[in-house]
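Analysis of the macromolecular model
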Amino acid sequence: IPDLVNVNDYFKSRHYYQPYDTPYLFAQPEKVLVIGSSEGRNVLSALSKGVKEIWALDINEDLFEIFKQPLGEIGKMIYYRPEVKIVVAEGRHFIEKCPTQFDLITFQGVQTGSSPSSMQTPTSIETFLLTREALAATWKCLTPKGMIM
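These notes cover the structure that comes with them.

**Structural notes on the overall build of the protein**
A count of helices and strands for the protein gives seven helices and five strands. When the helices and strands of the protein are read in sequence order from the N terminus, they spell out α-β-α-β-α-β-α-β-α-α-α-β. By residue count, 47% of the 149 residues in the protein fall in the buried class. Sequence-distant contacts in the protein: of pairs separated by 6 or more residues, those separated by 24 or more amount to 69%.

**Details of the pairing of strand 2 (residues 53-58)**
In terms of residue burial, strand 2 counts as a mostly covered element, since five of its six residues are buried. Relative to strand 2, strand 1 (residues 31-35) runs parallel, the two being bridged by five bridges. What sits directly across from K31, in strand 2, is E53. With respect to chirality, the unit in which strand 1 leads through helix 2 (residues 41-48) into the neighbouring parallel strand 2 is right-handed. The pairing of strand 2 with strand 3 (residues 84-88) spans five bridges and is parallel. Opposite A56, over in strand 3, you have I86 as the bridge partner.

**Some words on the side chain of D58**
Looking at where D58 falls in the secondary structure, it is placed in strand 2. Buried charged residue D58 carries no salt bridge. Nearest counter-charge: R41, at 11 Å.

**Quick look at the sheet that holds strand 5 (residues 142-148)**
Reading across the sheet, the five strands line up as 3-2-1-4-5 and stay open at both edges, with parallel pairing between neighbours. Every interior strand has two partners, whereas the edge strands, strand 3 and strand 5, have only one. Strand-to-strand twist across the sheet, computed as the mean angle between neighbouring axes with direction ignored, equals 20°. When strand 1 meets strand 4 (residues 102-106), the two strands line up parallel, connected through three bridges. From the neighbouring strand, V32 faces strand 4, where its bridge partner is L104. The strands touched by helix 3 (residues 61-68) within the sheet are strand 2 and strand 3, with strand 3 carrying the most contacts at an inclination of about 145°.

**Details of the pattern of salt bridges**
Enumeration according to the criterion identifies three salt bridges in this entry. Residue K31 is joined to E53 by a salt bridge in which the shortest nitrogen-to-oxygen separation is 3.9 Å. Of this pair, K31 sits in strand 1 while E53 sits in strand 2, and the two are 22 residues apart along the sequence. Measuring nitrogen to oxygen at the nearest pair gives 2.8 Å for the salt bridge that ties E83 to R81. A relative accessible area of 8% means that R81 is categorised as buried.

**Observations concerning the nonpolar core**
Counting 17 residues, the largest nonpolar core has V43, I54, Y79 and V84 as the members making the most contacts within it. Tallying contributions element by element places helix 2 first for this core, with four residues. When near neighbours in sequence (up to four residues on either side) are disregarded, Y79 contacts S37, S38, E39, G40, V43, A56, F64, F67, K68, V84 and I86.

**Focus: the environment of I54**
Inspection of the secondary structure assignment puts I54 in strand 2. On the basis of relative accessibility, which here comes to 0%, the residue I54 falls in the buried class. With 50 residues separating them along the chain, I54 and L104 place their C-alpha atoms 9.7 Å apart. Excluding residues within four positions of it along the chain, I54 makes contact with V32, V34, V43, A46, L47, E83, V84 and K85.

About the thresholds
Residues numbered from 1 in each chain as written. Predicted model: local features only at pLDDT ≥ 70, side-chain atom pairs only at ≥ 80, totals over all residues. Heavy atoms only, no water. Helix = DSSP H or I, 4+ residues; strand = E, 2+ residues; numbered from the N terminus. Buried < 20%, exposed > 50% of the residue type's maximum accessible area, 1.4 Å probe, protein only. Contact = heavy atoms within 4.5 Å. Pairing = 2+ DSSP bridges. Right-handed = clockwise from strand over helix to strand, strands pointing away. Lys, Arg positive; Asp, Glu negative; His and termini not counted. Salt bridge = Lys/Arg side-chain N within 4 Å of Asp/Glu carboxyl O. Axes fitted to C-alpha atoms, helices over the stretch in contact; angles between N-to-C directions. Core = buried A, V, L, I, M, F, W, Y, C linked by side-chain atoms within 4.5 Å.

Given below as structure tokens:
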């Protein structure tokens, strides 16, 4: 398992495509907001692409603690990296108060409503986050050349 120093070498050695790599086919952002950072694969993709500042946002504080302590090595210790800023918040609330602008805002880690329990709940987090109003607020958080994925 790679340590803090050689995590970039680990990703350079991958010979397969990761869905979280998609935004980096179109741009080289310096500042990224990852909404729904969960287990961190999308944060790892950003690190592997040389992103200088990553805001990892998730509503579940326990996920960050799990991947900092008991599962830290499995998570490549990403939440200790200086490039990664942990934000515990609900995505839409954060977007509406957006403290800065980002080159890329990714919703790739947001749940899709595919689990039976989320299908039974019409007010799931993603239905609140992926609305016309929320996406309009998201556009305001982007730099002039920023993008949403």
